[in-house]
Amino acid sequence: MTSPDASTPPHLLLGSCDYPEHVPRDRWETYARQQRDLGLTFVRLAEFAWSRMEPRPSEFDWGWLDEAVEAYHAAGLRVVLCTPTATPPAWLIRSHPEILPYDEEGRVREFGSRRHYDFASPVYRQHSRRVTRAVAGRYGGHPAVVGWQTDNEFACHGTGRSYGGASAAAFPGWLRERYGTLEALNEAWGNVFWSMEYGDWAQVRPPNLTVTEANPAHILDFYRFASDQIASFQREQVEILRELSPGRFVTHNFMIFESGFDHYRVAEGLDFATWDNYPTGMLEFFAGRMVGEDAKLRFARTGHPDLVGWNHDVYRGLVRGAGRLGREGEGTPSGFWVMEQQCGQVNWAPFNPLPADGAVALWTAQAWAHGADVVSYFRWRAATMAQEVLHSGLLRHDETPDRGYAEVAALDQNLFPVGEVPARVALLHDYESLWLLGAQPHSASLSYWAQTVTYYRALRSLGVDVDILHPDADLSGYAVVVAPAITLATEERAARWWTATEGGARLVCGPRTGVRTSSGQTWAQGQPGPLTELLGVKLLQFDSLRPGLTQKVKGPDGEFEAHAWAESYRLTGAEAMSTYVGGPQDGLPAVTRQGRATVIGAHSEPLIHAVLRGVLAEAGVETVDLPGGVRLSRRAGVTLVQNWNPEAVEWEGRTLAPVSFEVVETPTPPSDDSSPARVG
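Keep in mind the model is a prediction, meaning the values are calculated, not measured. (Residues numbered from 1 in each chain as written. Predicted model: local features only at pLDDT ≥ 70, side-chain atom pairs only at ≥ 80, totals over all residues. Heavy atoms only, no water.)

A. Here's a closer look at the packing of aromatic side chains. One pass over the structure, following the stated rule, counts 44 aromatic pairs. On the basis of an interplanar angle of 25 degrees and a centroid distance of 6.4 Å, the ring pair of F171 and W174 is categorised as stacked. Of this pair, F171 and W174 both sit in helix α6 (residues 165-179), three residues apart, which is roughly one turn of that helix. An identical accessibility class is assigned to F171 and W174; each is buried. The interplanar angle of 80 degrees and the centroid separation of 5.1 Å between the aromatic rings of F257 and W449 together place this pair among those described as edge-to-face. In this pair, F257 is assigned in the loop between β6 (253-254) and α9 (263-266) and W449 in helix α16 (residues 448-461), connecting sequence segments 192 residues apart. Across this residue pair, the class does not change: F257 and W449 are buried. Three or more aromatic residues joined by ring pairs form one cluster here, namely W50, Y117, F119, Y124, F154, F233, F254, F261, W275 and Y315. (Phe/Tyr/Trp six-rings, centres within 6.5 Å; stacked < 30°, edge-to-face > 60°. Helix = DSSP H or I, 4+ residues; strand = E, 2+ residues; numbered from the N terminus. Buried < 20%, exposed > 50% of the residue type's maximum accessible area, 1.4 Å probe, protein only.)

Here it is in structure tokens:
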């Protein structure tokens, strides 16, 4: 058998997620031809098909999948196959109930849905390897199969952590390997507080069902442990797929604003990242405190451009975090994929409005502009059974084309050349900081996501392209580095940031920067710990502002009102750029500057916008005043102009139609040898 087509795609390619096991056999060839005629290139198959692959223990039935793969192959489609481990079958669960996970309330999560397994279960690991080896051995060399997806949506539905069973049994061993001795564990966690010291490894349990809040250091390490279980679970599958299906890519479809594991760790060993993009469901289900109710109403039929953009940029950055930009010569795209793209209404959010006319095309174009090489629509035909009957597909239940089908048919894929996404601004994002801030938020009005996305939204509203990176990534070549909520600081991290500023980058930090050590404690010498010399400040006061309670800030950019959070600093070398007016922090620094490093202590969207605009100007990064809901994204020498508003917008002498996009040539920016462009 030959290896997959090794040609590099010249433009965005499209695909769909299909489920031949859900429909009669006589529909398979018809669907494959329709997908080809629609201009689709890829089809993803079998992520939930374990019970059809192996209906009884060790009795595999490959006949149906053989025929399905051949049907798509005959139509000229490239197949992405999945390991089916997101849905262990009933016979396996009933034979081995110890596979089942426990929720945070200590209850077993039962069979009858999906993702019903504990990543730490040695029994499930054995069966995961066994079924992965079986499916990879069967199809690993098939000429239609160009790649693999591991499992499906790790941690979806809160399944990234199990608080009992196999995970509870494995957690003490993970801690012993990390700390060596109980004395070291007790010291790192500060267990002398509230008499929480352990005298035996067997005494340690997951941090749930405590009378009041659990120790944040305990929480941090349990989250690290659970994340490591996901990473090692996937690594076992990847090794088998590399062995039995050489020359094919391996990826995973990550989730929207998922906090259940360290994505950078889990992405190691993958060829590129994919994610599942549901903009309207995202706005209703995940937006939380990131946008207000007015924005939810305005963008109800499109989703919010910056929430979608954030995820695109995270998963583009994850490719670099995984250390593999694709394997040239083996048909592997260089960018990320959207493995599941909403193409109609979803079924799982509190409210599920129909998308606006033009939304599916706009989502596709935005994905490309942020670096996607492939957009794959979920799903081909709407399900006629079980949990997803209210979820749209490209075809309706009766097989007639739905509205999304017409928008895909009208797309000109040649408009979207594959190429580089230039970004001179890096925004730093870290799951351990996320976990620590979430363990002790101190303000019900502000989360890690809300604080971080506020800075991202400000950058995007200024027309700036952004790379989202791990805080320990290589930052050379960036003109501006923004760290909105990197709570955890280490000496090594501080040294990297020093190197970036010495190389010419401007650094902007948000509140609660560097307040925690790697064990979750605070720095005994004061915050921001090892970043103190770089930033020229020490944390003085922090004020958690309830709804309606605000704090005035005044400086050269004007007067502002902080809400949710306001912290002040003792200057150890920096100068105050803005100060608080009135209240218990009257006259204290709210925004500081030392050299190329700026710290913003007040959570105020207009203040953040103003400070970032000034820093970008100093760095020679061009900004644009964009109307609300209008966004720019650049790729491969062209710019995507997007209007996410439900009404037309006049901008730069052109009328942008409601929910629409235009592809225009990107003007050549003025050269600035001191701040070269960085390619995401």
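B. Representation of the packing of α6 against helix α7 (residues 182-189) in the model. Across the interface, α6 lies against α7 with an axial gap of 9 Å and an inter-helix angle of 90 degrees. When the axis of α6 is compared with that of α7, the two are roughly perpendicular. Residues F171, L175 and Y179 of α6 pack against A184, L185, A188 and W189 of α7. Taken together, the residues of the contact of α6 with α7 break down into seven nonpolar, no polar and no charged. (Axes fitted to C-alpha atoms, helices over the stretch in contact; angles between N-to-C directions. Parallel < 35°, antiparallel > 145°, perpendicular 65-115°, else oblique. Contact = heavy atoms within 4.5 Å. Nonpolar A, V, L, I, M, F, W, Y, C, P; charged D, E, K, R; others polar.)

C. Local environment of the pairing of strand β1 (residues 13-17). Taken across its five residues, β1 has five buried, putting it largely inside the fold. Burial along β1 is two-sided: L13, G15 and C17 facing one way and L14 and S16 facing the other are all buried. Examined bridge by bridge, β1 and strand β9 (residues 372-378) share four bridges and lie parallel to one another. Bridging across to β9, L14 finds its partner in V375. As judged from the three bridges shared by β1 and strand β2 (residues 42-45), these two strands associate in the parallel manner. Residue pairing across strands places C17 opposite R44, the latter belonging to β2. (Pairing = 2+ DSSP bridges.)

D. Representation of the nonpolar core. Formed by 173 residues in total, the largest nonpolar core has its most connected members in W189 and F254. Ignoring sequence-local partners within four residues, the contact set of W189 consists of F171, L175, Y179, Y198, V204, N215, A217, H218, D221 and Q521. The next biggest cluster of nonpolar side chains, apart from the first, holds 27 residues, and it includes A483, L539, Y569 and V599. (Core = buried A, V, L, I, M, F, W, Y, C linked by side-chain atoms within 4.5 Å.)

E. Looking closely at unusual backbone geometry. Across the junction of F378 and R379, the peptide omega takes the value -10 degrees, indicating a cis bond. Note on placement: R379 falls in the loop between β9 and α14 (403-410). A cis geometry characterises the amide bond from Q527 onward to P528, with omega recorded as 15 degrees. Its place among the elements puts P528 in the loop between β14 (506-509) and α18 (532-535). Residue W194 is not a glycine yet carries a positive backbone phi of 60 degrees. When you line up the elements, W194 lands in the loop between α7 and α8 (216-244). A relative accessible area of 54% means that W194 is categorised as exposed.

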